[in-house]
Amino acid sequence: MKPYFGMPTWPGYYAWKLLREAGVMSPPVPTEPLAEHLHLKVRHFCASQHFGLPEEDEEDDPPPPNPPAGAPLFDDRPYWRQNTMAQGRRRGRVIDGVLRRESHTVWLDVEKPITRQRLTFGHECAHELMPGHQGLSYLDSGCLVDPTRTNRYEQEATAFGVHLLMPAPWFFEDAHSVELGLNAVHLLAHHYLTSLEATAIQYVRLNLHPCALVMAEPNTEFPEGSWDFPLLVRYSVRNRAFQDFIRPGTPLPRGTPLALTSLSQVPSADRVSGWALGLRVDRRYLVECWPWGKEGDVMVLVWQIPEGNQGRLFSLSSYVFGACGYKSRLAPLPVPAPRTLVGVQA
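Residues numbered from 1 in each chain as written. Predicted model: local features only at pLDDT ≥ 70, side-chain atom pairs only at ≥ 80, totals over all residues. Heavy atoms only, no water.

Asks: Lay out the sheet that holds strand S4 (residues 211-218) in plain terms, naming residues and giving numbers.
Replies: If you walk across this open sheet you meet the six strands as S6-S5-S4-S9-S8-S7, and the pairing is antiparallel. Strands with a single pairing partner mark the edges of an open sheet, and in this sheet they are strand S6 (251-252) and strand S7 (268-273). (Pairing = 2+ DSSP bridges. Helix = DSSP H or I, 4+ residues; strand = E, 2+ residues; numbered from the N terminus.)

This is the structure we're talking about:
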């Protein structure tokens, strides 16, 4: 589709249109009818086999074994032959998916979690449907689904994938049918079969209460022997009601629930001042911290506490929007079976 004056540009519009045309009526969104409607074939590849070892591995390490029998290759173009294991190790080439227009095929990394593959599929569908994405030359090189990407087309494609798997009409109703908090994000991720990070981003953007999402990572730039700022903000997302902007790269101090969760890998929640997030000291927030990703990374859900007497009585359990007529459709999280010790009788 070529862009024209006055046409919609919001990715959610095209995602919802695709769901209606494919006949998808409820979550979790299946990818098979969407691929069939777009006449796309879905294939898988092993990124570690095609692009070598991570760049932090040593050059003298033995190469990885050959791909298993039946593992598909993209094609015989010179570009893919140039990405040998040694070159992949030096370049650190990592992708999540590839859209090949001439063969109408979407390639997904089979080594990624199924939730990541579903989001990557939606990302590649955006390049097939969104206006202005048809002539992009870099698509043959593959795409990396990352919320920190600044490329306009990659941002639109990722937003399309999020709205495709978590449509705003359904997600808004489900998100406001349960108590606010990180537990709601877990329930929604289980209900929509999406990753916790992508679900948290959509949860923050569609929430009625002022809130933000902060993804923090260990600070490797602080002086040796100094632990005053053990964390850095990787990126943050906020809704329109949240007043402050938590800037990426902001150092986060020690002695906070964020630093405690990063060090102990145990979830925590508490009230903090703006100092804990690199904001004004007179601000008050409620933070819910969850260990996420690599060791030391933290996902933080930040809730803005109202000023005055309302802030003293503020609690997430008091904000339930069931009075709006929304009935919860979210099933409880599955409880893991108790472990039994081998050789020990009850």
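Asks: Quick rundown of the sheet that holds strand S2 (residues 97-100)? Include the residues and the values.
Replies: The mixed open sheet is built from three strands, whose spatial order is S1-S3-S2. The open sheet has two free edges, formed respectively by strand S1 (41-45) and S2, since each of these has just one partner strand. Averaged over neighbouring strand pairs, the angle between their axes works out to 20° when direction is ignored. Bridge analysis of S1 against strand S3 (residues 105-109) gives five bridges, and the strand direction is parallel. Residue Arg43 lies in a different strand from S3, and its bridge partner there is Trp107. (Axes fitted to C-alpha atoms, helices over the stretch in contact; angles between N-to-C directions.)

Asks: How would you sum up the packing of helix H8 (residues 168-175) against helix H10 (residues 196-205)? Please name residues and give values.
Replies: Axes are the key here: two packed helices are described by the angle between their axes and the distance separating the axes. Packing of H8 against H10 leaves a shortest axis separation of 10 Å and a crossing angle of 85°. The orientation of H8 relative to H10 falls into the category roughly perpendicular. Counting all contacts with H8, which are made through Ala168, Phe171 and Ala175, the residues of H10 involved are Thr199, Gln202 and Tyr203. Class assignment of the residues belonging to the contact of H8 with H10 gives a composition of four nonpolar, two polar and no charged. (Parallel < 35°, antiparallel > 145°, perpendicular 65-115°, else oblique. Contact = heavy atoms within 4.5 Å. Nonpolar A, V, L, I, M, F, W, Y, C, P; charged D, E, K, R; others polar.)

Asks: Tell me what's going on with the side chain of Thr256, and back it up with residues and numbers.
Replies: Note on placement: Thr256 falls in the loop between S6 and helix H11 (257-264). A polar contact of 3.3 Å, which involves the side chain of Thr256, links it to the backbone oxygen of Pro253. Ignoring any residue separated from it by four or fewer positions in sequence, one finds Thr256 in contact with Trp275 and Ala276. (Polar contact = N/O pair within 3.5 Å; in protein donor to acceptor, adjacent residues only side chain to side chain.)

Asks: So, the packing of helix H6 (residues 114-129) against helix H7 (residues 152-165): which residues are in play, and what are the values?
Replies: Axis separation between H6 and H7 bottoms out at 7 Å; the angle between their running directions is 120°. One way to sum up the angle between H6 and H7 is to call them oblique. Viewed along their axes, H6 and H7 form a crossing whose handedness is right-handed. In this structure, H6 contributes Arg118, Leu119, Gly122, His123, Cys125, Ala126, His127 and Leu129 to the contact, and H7 contributes Tyr153, Glu154, Ala157, Thr158, Phe160, Gly161, Val162, Leu164 and Leu165. A breakdown of the residues in the contact of H6 with H7 according to their chemical character gives ten nonpolar, five polar and two charged. (Left-handed = near helix turned anticlockwise from the far one by under 90°.)

Asks: Requested: an account of helix H9 (residues 182-192), with residues and values cited.
Replies: Counted residue by residue, H9 has nine buried out of eleven residues, so it is predominantly covered. On its buried face, H9 is in contact with H6, H7, H8, H10, strand S8 (284-291) and strand S9 (298-304). Looking one or two residues past H9, Leu193 carries a phi angle of roughly 55°, positive in sign. (Buried < 20%, exposed > 50% of the residue type's maximum accessible area, 1.4 Å probe, protein only.)

Asks: Just give me the short version of the nonpolar core, but keep the residues and values in it.
Replies: Ranked by internal contacts, the top residues of the largest apolar core, which has 54 residues, are Leu34, Phe160, Tyr203, Leu213 and Leu301. Per-element tally for this core: the top contributor is H9, with seven residues. Of all hydrophobic cores here, the second largest spans 19 residues; its members include Leu231, Leu252, Leu258 and Leu277. (Core = buried A, V, L, I, M, F, W, Y, C linked by side-chain atoms within 4.5 Å.)

Interpretation in functional terms is not warranted from these geometric data alone.
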